[in-house]
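# Understanding the architecture of this molecule
Here is what each chain is made of, one letter per residue.
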Amino acid sequence: MSSSAVLGQFLWHELLTADPAAGAGFYSKVLGWSAQPMEGHEEYTMLSHPKGPVGGARVVGKDALASKAGPNWLTYVGVPNIEAALGAVKDKGGQVIHPVTGVGSDGGRYAVISDPQGAVIGVYEPPAGRSGGSADATAAPVVWHELTAEDPVAALQFYKDIFGWDVVDTHPMGGEVGTYYLFGKGTTQMGGAFVRAKHLAPSWPRWLVYLAVPSVTAAVAAAKAAGGEVLNGPHQVPGGNWIAQVVDSHGVPVAFHGPKEAAAAASKAPAKSKPKVKVKVKVKSKAKAKAKAAPAKAKAKAKSKAKSKAKTKAKSAPKSKAARKGKVQAKARVKAKKVSAPARKAKSKARAQARKPPRRGK
């Protein structure tokens, strides 16, 4: 018997497909996954991602379980005691469509059931002491599970009895969808449920898985290029992320969940380079502005110097003229003084003689 902690946990996912390569083509092109036979169980295909396994794959027509359940993504939910869980399934109106099967000698046990409204889901009892889930959460990229049912309230009550899920919140969606029910354990949301659209065929899977992608836009483009078809989206959902629902190249519905575009840091230069670019541009701009301003500054300086010189010259001109005039006048006075000196001497002599008494005769 497993620990009670596994009850209601999503532990494994399998692609049931008509693709002879068991998903190696479409999912490799869109998500970068690889496919290879499971060691010791060559008939089973493992789907992997660089960080680890992401799930398994079975081919419809070659595998009994895949042929019974039909093409879809099959989710396995943990239970501590598989016999007790299957007993509750029958008591609540569900059916066992694939009996209890062991996974090797120490891989736990699983079975597949359908709920009273026809939704197919797996039940898994991990070996004692193991959770059964991937050790690395990033290597198990299923981030949301969505159920469509004619009566979502009744369906969720069935799963509460089997897996212990509770309705943790509701959102009015309006129209044919009505109320969107969020289920989980405690306050942790694990998935949603709403009214099944009437136009969907009975064979259309009732459980839809959402795979985490770094860019929903890129994933949709890759899905189209790989032969898939877009059913809905991309469009934004509460919380800021985006979703898109597609059908893969072999008719299996699947959804993408994540940001609309990849993070900017992934495609642009590192954050540290940004200030350098900015500084470079700033310096270049400053140098350019300085170079542009230099002629004007030099011109202004020359103009100012010329103006100052002219002003100085203008101020000094009258002074120089006056000095020159004074010098000429001084020279003239000196010259005049020199010229008049003999005349003054002669005049003085004449006056002296005139004052002298006449000489008397003998």
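Thresholds, definitions, all that
Residues numbered from 1 in each chain as written. Predicted model: local features only at pLDDT ≥ 70, side-chain atom pairs only at ≥ 80, totals over all residues. Heavy atoms only, no water. Helix = DSSP H or I, 4+ residues; strand = E, 2+ residues; numbered from the N terminus. Areas by Shrake-Rupley, 256 points an atom, 1.4 Å probe, with all protein chains shown as cover. pLDDT = per-residue confidence, 0-100. Contact = heavy atoms within 4.5 Å. Buried < 20%, exposed > 50% of the residue type's maximum accessible area, 1.4 Å probe, protein only. Pairing = 2+ DSSP bridges. Arc of directions from axis to C-beta. Polar contact = N/O pair within 3.5 Å; in protein donor to acceptor, adjacent residues only side chain to side chain. Axes fitted to C-alpha atoms, helices over the stretch in contact; angles between N-to-C directions. Core = buried A, V, L, I, M, F, W, Y, C linked by side-chain atoms within 4.5 Å. Phe/Tyr/Trp six-rings, centres within 6.5 Å; stacked < 30°, edge-to-face > 60°.

Scanning the protein chain for helices and strands turns up 7 helices and 16 strands. Entry remark: accessible area of the protein chain is about 22200 Å², with carbon and sulfur atoms responsible for 59%.

Next up on the list: the confidence of the model for the protein chain. For the protein chain, per-residue confidence averages 78 on the pLDDT scale, and 69% of positions sit at 70 or higher. Contacts from residues 132–139, a stretch scored under 50 in pLDDT, to residues over four places away or in other chains number 15 contacts. Segment residues 265–362: pLDDT under 50, and 1 contact once partners within four positions in sequence are set aside and those in other chains are kept.

Before going further, it helps to examine the pairing of strand β13 (residues 207–212). Among the 6 residues in β13, 5 count as buried, and that is most of the element. Note that strand β9 (residues 142–149) and β13 share 5 bridges and pair antiparallel. Note that in β13 the partner of Trp144 across the bridge is Tyr210. With 3 bridges connecting them, β13 and strand β16 (residues 253–258) associate as parallel partners. Looking at the pairing, Tyr210 lines up with Ala255 of β16.

Listed in full, the buried residues belonging to helix α3 (residues 82–91) are Ile82, Ala85, Leu86 and Val89. Buried residues of α3, viewed axially, fall in a sector of 95 degrees; they line one side. N-cap assignment for α3: the residue whose side-chain oxygen lies 3.1 Å from the backbone N of Glu83 is Asn81. Phi turns positive one or two residues past the end of α3, at Gly93, with a value near 95 degrees.

All buried positions along helix α5 (residues 216–225) are accounted for by Val216, Ala219, Val220 and Ala223. In a view along the axis of α5, the buried residues occupy a sector of 100 degrees, so they form one face of it. The secondary structure elements touched by the buried residues of α5 are α1 (26–31), β14 (229–236), β15 (242–247) and β16.

The strand order across the open sheet built from 8 strands is β10-β11-β12-β9-β13-β16-β15-β14, with neighbouring strands paired in mixed fashion. At either margin of the open sheet sits one strand with a lone partner, and together these are β10 (166–174) and β14. Across the sheet, the axes of successive neighbouring strands diverge by a mean angle of 25 degrees, strand direction being ignored. Contacts from α5 reach β14, β15 and β16, with the element oriented near 155 degrees to β16.

Bringing the nonpolar core into the picture now. In this structure, Tyr27, Leu31, Trp33, Trp73, Leu211 and Phe256 are the most contacted members of the largest nonpolar core, which totals 27 residues. If you list the elements that add at least two residues to this core, you get α1, β4 (52–59), β13, α5, β15 and β16. What Trp73 contacts, discounting residues up to four positions off in sequence, is His13, Glu14, Leu15, Tyr27, Trp33, Leu47, Trp207, Val209, Val252, Pro253 and Val254. If you look at the next biggest cluster of nonpolar residues, it comprises 26 residues, including Ile82, Leu147, Ala149 and Ala193.

Another point: the environment of Pro202. The topology assignment puts Pro202 in the loop between β12 (188–195) and β13. Judged by relative accessible area, Pro202 falls into the exposed class, the value being 75%. Each C-alpha atom, one on Pro202 and one on Gly118, is 8.6 Å from the other, the two residues being 84 residues apart in sequence.

This brings us to unusual backbone geometry. Cis geometry marks the peptide bond from Gly233 to Pro234; its omega dihedral reads 5 degrees. One can find Pro234 in strand β14.

Across all of its chains, the model carries 15 aromatic pairs by this definition. Taken together, a centroid distance of 6.1 Å and an interplanar angle of 10 degrees make the contact between Tyr159 and Phe163 stacked. Here Tyr159 pairs with Phe163, and both are found in helix α4 (residues 152–163), just 4 residues apart, close to one helical turn. What makes Tyr159 buried here is its relative accessible area of 0%. A network of ring pairs unites the aromatic residues Phe10, Phe158, Tyr159, Phe163, Trp165, Phe183 and Trp207 as a single cluster.

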